[in-house]
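Coordinates in review
What follows is the residue order along each chain.
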Amino acid sequence: KRAIVLAVHHPPASADAKHSGSTGMEADIDKCCKAAGLWPDVVLSGHAHLYQRFTRTITGQKEIPYVVCGAGGFSATAPKQAFKHFPFTIGDFRLERAPIVKFGYLTVETDTKTLSVAFTVADGTSVRVEDSVTVDLAKDKVVSDGRAAGGVSSSKKSSKAKSKKKKTKKK
């Protein structure tokens, strides 16, 4: 089995306050996939100037991450107020985590069993993965995602752990 990555400019769904999702793009993707009898394992897009991750379930079973990453370094924009609370559903798209309004980049890795996408932030003080998602290619299911870590970077986690240890020592 091979991984199928579909990349488009305009996101089919978006929580961005300035760049909404494109229902036309969603319809075009659906029409092409139905005609080919083949669905992508992940859909990547940009245009909106922040990071967002949705899951879309097709035919009641195939889970497809739709990742929006237009956070390459220009004019980061906040999400619409309604989307600050998640999970949130827009049509068949489920916003899986709070959008990230930081500059960063995506890495995509695949092998014969999985496809993984990670959003990395480099803010001048550290470079860290802020969110990730992995798809089991045989099962067509999302098997791990950034929610397992609560969307908190490892540097923030270790800071929280250190402060807990400090509090414990004071008692």
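Above this text you will find the structure in question.
Computed from a predicted structure; not experimentally measured. (Residues numbered from 1 in each chain as written. Predicted model: local features only at pLDDT ≥ 70, side-chain atom pairs only at ≥ 80, totals over all residues. Heavy atoms only, no water.)

What follows covers the environment of glutamate 63. With respect to the helices and strands, the residue glutamate 63 is situated in strand β4 (residues 62-69). Judged by relative accessible area, which is 21%, glutamate 63 ranks as partly exposed. In sequence terms glutamate 63 and valine 135 are 72 residues apart; their C-alpha atoms lie 8.2 Å from each other. Beyond its immediate chain neighbours, meaning those up to four positions away, glutamate 63 contacts Thr55, Arg56, Thr57, Asp140, Lys141 and Val142. (Helix = DSSP H or I, 4+ residues; strand = E, 2+ residues; numbered from the N terminus. Buried < 20%, exposed > 50% of the residue type's maximum accessible area, 1.4 Å probe, protein only. Contact = heavy atoms within 4.5 Å.)

Further remarks concern the pairing of β4. Of all the eight residues making up β4, seven are buried; the element is thus mostly covered by neighbouring parts of the structure. Direction of pairing for strand β2 (residues 42-45) relative to β4: parallel, over a ladder of three bridges. Directly across from valine 43, in β4, lies its bridge partner tyrosine 66. Across eight bridges, the pairing between strand β3 (residues 51-58) and β4 is antiparallel. In the strand pairing of β4, glutamine 52 is matched with valine 68. In textbook terms, the turn of a hairpin is the stretch between consecutive antiparallel strands, and for β3 and β4 this stretch comprises three residues, one of which, threonine 59, has a positive phi near 50°. (Pairing = 2+ DSSP bridges.)

Moving on: the pairing of β3. Within β3, seven of the eight residues are buried, leaving the element largely enclosed by the surrounding structure. Examined bridge by bridge, β3 and strand β6 (residues 93-95) share three bridges and lie antiparallel to one another. By the bridge assignment, phenylalanine 54 is partnered in β6 with leucine 95.

Looking now at the state of the cysteines. This structure, assessed with the given rule, holds zero disulfides. Here cysteine 33 is not disulfide-linked; the sulfur of cysteine 32 is the nearest cysteine sulfur, at 6.7 Å. On the basis of relative accessibility, which here comes to 7%, the residue cysteine 33 falls in the buried class. (Disulfide = S-S within 2.5 Å.)

Read across the open sheet, the four strands follow the order β7-β8-β9-β10; overall the sheet is antiparallel. Across the chains shown, the open sheet's two edge strands, defined by having one partner strand only, are β7 (104-110) and β10 (141-145). Neighbour-to-neighbour, the strand axes of the sheet open up by a mean angle of 20°, direction not taken into account. Sheet analysis places strand β9 (residues 127-136) next to β10, joined by four bridges and oriented antiparallel. Bridging from a neighbouring strand, valine 133 pairs with aspartate 145 of β10. (Axes fitted to C-alpha atoms, helices over the stretch in contact; angles between N-to-C directions.)

Along the chain, the position of aspartate 30 falls in helix α1 (residues 23-36). Given the relative accessible area of 13%, aspartate 30 is considered buried. Separated by 2.8 Å, the side chains of aspartate 30 and arginine 56 make a polar contact. Beyond its immediate chain neighbours, meaning those up to four positions away, aspartate 30 contacts Trp39 and Arg56. (Polar contact = N/O pair within 3.5 Å; in protein donor to acceptor, adjacent residues only side chain to side chain.)

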